[in-house]
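Residue-level structural notes
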Amino acid sequence: MTERPSEADLLAMQRRAEALWDAGDAAGAEHWLRRAAAGGSAPAMGMLGALLGADGRIGEGIRWLETAAAHGNQAAGMQLGLLHTERGNLDEAERWLRPAAERGLPEALCNMGVLANRRGRDEEAVQWYERAVRAGNPTAMRTLGLHLARRGEFDRAIDLLTEAARRGRTDAMAVLGALYLDRGDRTEGSRWLRKGAEAGDPDSMFHLALLLRVSNTPYLAGDFTDPEVLRTAAAIATGRTPAQREARRWLERAAALGHPQSLRLLHDM
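Residues numbered from 1 in each chain as written. Predicted model: local features only at pLDDT ≥ 70, side-chain atom pairs only at ≥ 80, totals over all residues. Heavy atoms only, no water.

This part takes up the overall build of the chain. Within the chain one finds 16 helices and zero strands. Out of the 269 residues in the chain, the part that is buried amounts to 43%. Within the chain, counting contacts between residues at least 6 apart in sequence, those at least 24 apart form 40% of the total. Accessible surface for the chain amounts to roughly 14600 Å². Of this, 51% is attributable to carbon and sulfur atoms. (Helix = DSSP H or I, 4+ residues; strand = E, 2+ residues; numbered from the N terminus. Buried < 20%, exposed > 50% of the residue type's maximum accessible area, 1.4 Å probe, protein only. Contact = heavy atoms within 4.5 Å. Areas by Shrake-Rupley, 256 points an atom, 1.4 Å probe, with all protein chains shown as cover.)

Our next topic: the packing of aromatic side chains. Applying the stated criterion across every chain yields a total of zero aromatic pairs. Between the NZ or CZ atom of R191 and the centre of the ring of W192, over which it lies, the distance is 4.9 Å. (Phe/Tyr/Trp six-rings, centres within 6.5 Å; stacked < 30°, edge-to-face > 60°. Lys NZ or Arg CZ within 6 Å of the ring centre and 35° of its normal.)

Tracing the backbone shows M13 in helix 1 (residues 7-22). Sequence-wise, M13 and A36 are 23 residues apart; in three dimensions their C-alpha atoms are separated by 5.9 Å.

Once that is clear, we can look at the nonpolar core. Counting residues in each nonpolar core, the largest one holds 37 residues, and the members touching the most others are L144 and L176. Breaking this core down by element, the ones donating at least two residues are helix 5 (74-87), helix 6 (90-102), helix 7 (106-118), helix 8 (122-134), helix 9 (138-150), helix 10 (154-166) and helix 11 (171-182). Beyond its immediate stretch of four places on either side in the chain, L176 contacts I158, L161, T162, A165 and W192. Residues A37, L48, L51 and A69 belong to the second largest nonpolar core, which totals 22 residues. (Core = buried A, V, L, I, M, F, W, Y, C linked by side-chain atoms within 4.5 Å.)

Checked against the element boundaries, A247 lands in helix 15 (residues 242-256). A relative accessible area of 0% places A247 in the buried class. Each C-alpha atom of the pair A247 and A209 lies 4.1 Å from the other, and the pair is 38 residues apart in sequence. If near-sequence neighbours (up to four positions away) are discounted, A247 is found in contact with A209, L212 and R213.

Let's shift gears to the environment of M141. Turning to its location among the elements, M141 is positioned in helix 9. Note: C-alpha distance between M141 and L161 (20 residues apart in sequence) is 6.2 Å. Apart from residues lying up to four places away in sequence, M141 is in contact with V133, G136, L160, L161, E163, A164 and R167.

Let's shift gears to the side chain of D171. In this structure, D171 sits in helix 11. Engagement of the side chain of D171 in a polar contact is seen with the side chain of R142, the distance being 3.4 Å. Those residues within four positions of D171 in sequence are excluded, and the remaining contacts are R142 and D201. (Polar contact = N/O pair within 3.5 Å; in protein donor to acceptor, adjacent residues only side chain to side chain.)

Of all residues in the chain, 90% have pLDDT values of 70 or greater, and the mean over the chain is 88. Scored below 50 in pLDDT, residues 219-224 shows nine contacts in the model against residues more than four places distant or in partner chains. A low-confidence stretch, residues 228-238 (pLDDT under 50), is modelled with 19 contacts involving residues beyond four sequence positions or located in other chains. (pLDDT = per-residue confidence, 0-100.)

Their axes nearest at 11 Å, the elements helix 5 and helix 7 cross at an angle of 25°. It follows from the interaxial angle that helix 5 and helix 7 lie roughly parallel. The handedness of the crossing between helix 5 and helix 7 is left-handed. Together, M78, L82 and T85 of helix 5 and E107, A108, N111, V114, L115 and R118 of helix 7 make up the contact between the two elements. A breakdown of the residues in the contact of helix 5 with helix 7 according to their chemical character gives five nonpolar, two polar and two charged. (Axes fitted to C-alpha atoms, helices over the stretch in contact; angles between N-to-C directions. Parallel < 35°, antiparallel > 145°, perpendicular 65-115°, else oblique. Left-handed = near helix turned anticlockwise from the far one by under 90°. Nonpolar A, V, L, I, M, F, W, Y, C, P; charged D, E, K, R; others polar.)

In this fold, E30 is placed in helix 2 (residues 26-38). Residue E30 is classed as buried on the basis of its relative accessible area of 13%. The contact partners of E30, leaving out residues within four places of it in the chain, are L48, L51, L52 and R57.

Taking 1.5 Å of rise per residue, 12 residues should cover 16 Å, and helix 11 covers 17 Å from first to last C-alpha, within 8% of that figure. For helix 11, every residue scored as buried is listed here: D171, A172, M173, A174, V175, L176, G177, L179 and Y180. Residues of helix 11 that are buried sit in contact with helix 9, helix 10, helix 12 (186-198) and helix 13 (202-214). Once helix 11 ends, the next one or two residues include G184, with phi positive near 85°. (Expected span 1.5 Å × (residues − 1).)

Right, dumping it as structure tokens:
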């Protein structure tokens, strides 16, 4: 009979799997997670389920996550809720997310808002997002901020989006930029779009590029036989003004990140 691995052995397997995953060796990580999971490690079961789910092996991933949850791994229950949400199994997602939400887990509170929103229960969704915001969840701050902006509650929306951005949601910066531009504040709108673009957010890159393409285009006046006026006109016509060249660079960066609108615009330019 094979001797069951000790707790120290299981922990060593798990750490080896984590190191391999960080190094980009998913197959190696899976090998060691399977060994640790077979040895009874609930954390390894949960990690294996998450790995399989991310790899598209949803059914097997769910089975391992359910086993992990049955062994007391609360994070696995949370992951199950997310997987079922992605698959559209809202009732099953709620079965796993609600206990975590009732324990006050910020991510679970936020995802209960997602479930309510998908069911068309807007007010219930807002209540869950409010609770998640109070628990410090930046995703809920961005989502609720966007919702309030659509309702015309701009001041609170901007406060929430600003805090979401401060907590690492770079995609909140594009929303902030758009809000300020819609309100006629070009300086603040441009500042947030540039900040988001520099932080790597493709939506910010795209909208900054659109702003640059229509900005700083000089009004041409004077004698069109003047070589300097002709050079300026040619630069505008061919998209070679400094602002237009910068716009193209941002579009190319966003396109390299897979941003669909940037890809289409570059194709049409």
